[in-house]
Amino acid sequence: MTGRSTADDDRVLLEGPRSRVTELMRALRILAEVVRGFRKLHFVGPCVTVLGSARLGAEHPASDQARRLGFELARAGFSVMTGGGPGLMQAANRGAQEGGGTSVGCTIRLPFEEEPNPYLDLCIDFHYFFVRKLMLVKYSIGFVALPGGFGTLDELFEISTLLQTRRIHDVPIVLMGADYWRPLLDLAAAMRSAGTISEEDAARWVITEDPVEVASRMRESARQHPLFEPRPHRWLGESGRAPVVPAGDEPP
């Protein structure tokens, strides 16, 4: 273990079993991060998770769409949760604040990642990817995927798998950016034709370019799940700035 960085320590997950003490300590760090996420997000209210690229800046047409999406979701009474980074995530978080809603970011420690975007009412920094994805799903009444890369696809397919296997409630998945997502929809059609997914699976992804329609779909989803009743609110720390909850290795 001497001389290993945190990132190096993560890579040993691919090297098979370590000592039992090492494995136990890693399990405790994972548990601590899960508990911390549950505690910090318990009162954020029903969320809609918005997925999208950190690399597409304000000049990209999808950025304005993401901002309007965040605004409409906030006006509908939902917290807007993203990965907390720049690009389309930042645009959605900004729109949520402009709409008077709560803007939440679940960031991840990466050696090349930028700082959390400045439009967050609550920012939680995670060390483990799978814990972060758990939080993005657990508190959400629906999901919106804007144009994005591997991270967006990873989250989109994991959510789709959880729905397919009935591990989570039947909630909407909306894709915004028809031209961008067309090859993925063609792939889904080919998978359906080959019998590897069902008609119901293929129909889970809904395409729209209208943020108002997305908010309407999310309200309909919320009506089917009374625990997720939307309510307008803002959540700020005592300082009036977004509190950042760092990724710690010790139990809270």
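1. Examining the overall build of the protein chain
The secondary structure content of the protein chain amounts to nine helices and eight strands. Looking at the protein chain residue by residue over its 252 residues, the buried ones come to 48%. In the protein chain, the share of contacts with a sequence separation of at least 24, taken over all contacts with a separation of at least 6, comes to 73%. Summing over all exposed atoms, the protein chain offers an accessible surface of approximately 13,200 Å²; the carbon and sulfur share of this is 56%.

2. A few points about the packing of helix α2 (residues 20-41) against helix α5 (residues 129-138)
Closest axis-to-axis distance for the α2/α5 pair is 10 Å, and the angle between their directions is 25°. When the axes of α2 and α5 are compared, the pair comes out roughly parallel. Between α2 and α5 lies a crossing of right-handed hand. Together, I30, E33, V34, G37, F38 and L41 of α2 and F130, V131, L134, M135 and K138 of α5 make up the contact between the two elements. Among the residues forming the contact of α2 with α5, the class breakdown is eight nonpolar, one polar and two charged.

3. Focus on the state of the cysteines
This model, assessed by the stated rule, comprises zero disulfides. Sulfur of C47: no disulfide; nearest cysteine sulfur belongs to C106 and is 8.2 Å away.

4. Here's the deal with unusual backbone geometry
In this structure, R166 takes a positive phi of about 60° despite not being glycine. Position of R166 relative to the elements: it lies in the loop between α6 (150-164) and β6 (173-175).

5. Considering the pairing of strand β2 (residues 79-82)
Each regular strand displays side chains that alternate between the two surfaces of the sheet. Across the two faces of β2 the burial is the same, with S79 and M81 and V80 and T82 all buried. Inspection of the sheet shows strand β1 (residues 47-51) paired to β2 by three bridges, in the parallel sense. Following the sheet pairing, V48 is matched in β2 by V80. Each parallel crossover has a hand, and for β1 linked through helix α3 (residues 61-75) to β2 it is right-handed. By the bridge criterion, three bridges tie β2 to strand β3 (residues 103-108) in an arrangement that is parallel. If you follow M81 over to β3, its bridge partner there is V104. A crossover connection joins β2 to the parallel β3 through helix α4 (residues 88-98); in handedness this β-α-β unit is right-handed.

6. What to know about the pattern of salt bridges
A complete count under the given rule lists 15 salt bridges for this structure. Taking the shortest distance from any N to any O, the salt bridge between E155 and R132 comes out at 3.9 Å. Separated by 23 residues along the polypeptide, E155 in helix α6 and R132 in helix α5 bring together distant segments of the chain. An identical accessibility class is assigned to E155 and R132; each is buried. Several salt bridges share partner residues, and in doing so they unite D170, E200, D201 and R204 into one network.

Criteria and thresholds
The numbers attached to residues start from 1 for each chain and follow its sequence in the written order. Local features are withheld for residues below a pLDDT of 70 in this predicted model, meaning they are given only at 70 or higher, and side-chain atom pairs are given and counted only at 80 or more; totals for whole chains, interfaces and linings count all residues. Here the side-chain values reflect all heavy atoms present in the structure, with hydrogen atoms and water set aside. In this text, helices come from DSSP runs of H or I with a minimum length of four residues, and strands from runs of E with a minimum of two, each type numbered from the N-terminal end. Burial classes follow relative accessibility: with a 1.4 Å probe on protein chains only, a residue under 20% of its type's maximum area counts as buried, one over 50% as exposed, and anything between as partly exposed. We call two residues in contact when some of their heavy atoms are within 4.5 Å. Where accessible areas are quoted, they stem from the Shrake-Rupley method and a 1.4 Å probe; at the residue level, only the protein chains shown are allowed to cover. Between N-to-C directions, angles cover 0 to 180 degrees, with each direction set by a line fitted to C-alpha atoms, over the stretch in contact for helices. Working rule for angles: under 35 degrees goes down as roughly parallel, over 145 as roughly antiparallel, 65 to 115 as roughly perpendicular, anything else as oblique. Throughout, a crossing is termed right-handed when the near helix is turned clockwise from the far one, and left-handed when it is turned anticlockwise from it by less than a right angle. Residues are grouped as follows: nonpolar covers Ala, Val, Leu, Ile, Met, Phe, Trp, Tyr, Cys and Pro; charged covers Asp, Glu, Lys and Arg; every other residue, Gly included, is treated as polar. Pairs of cysteine sulfur atoms within 2.5 Å are identified as disulfides in what follows. When DSSP finds two or more bridges between a pair of strands, those strands are recorded as paired. Whether a crossover is right-handed comes down to one check: with the strands pointing away from the viewer, does the path from the first strand over the helix to the second run clockwise; if it does, it is right-handed. Definition used for salt bridges: Asp or Glu carboxyl oxygen within 4 Å of a side-chain nitrogen of Lys or Arg.

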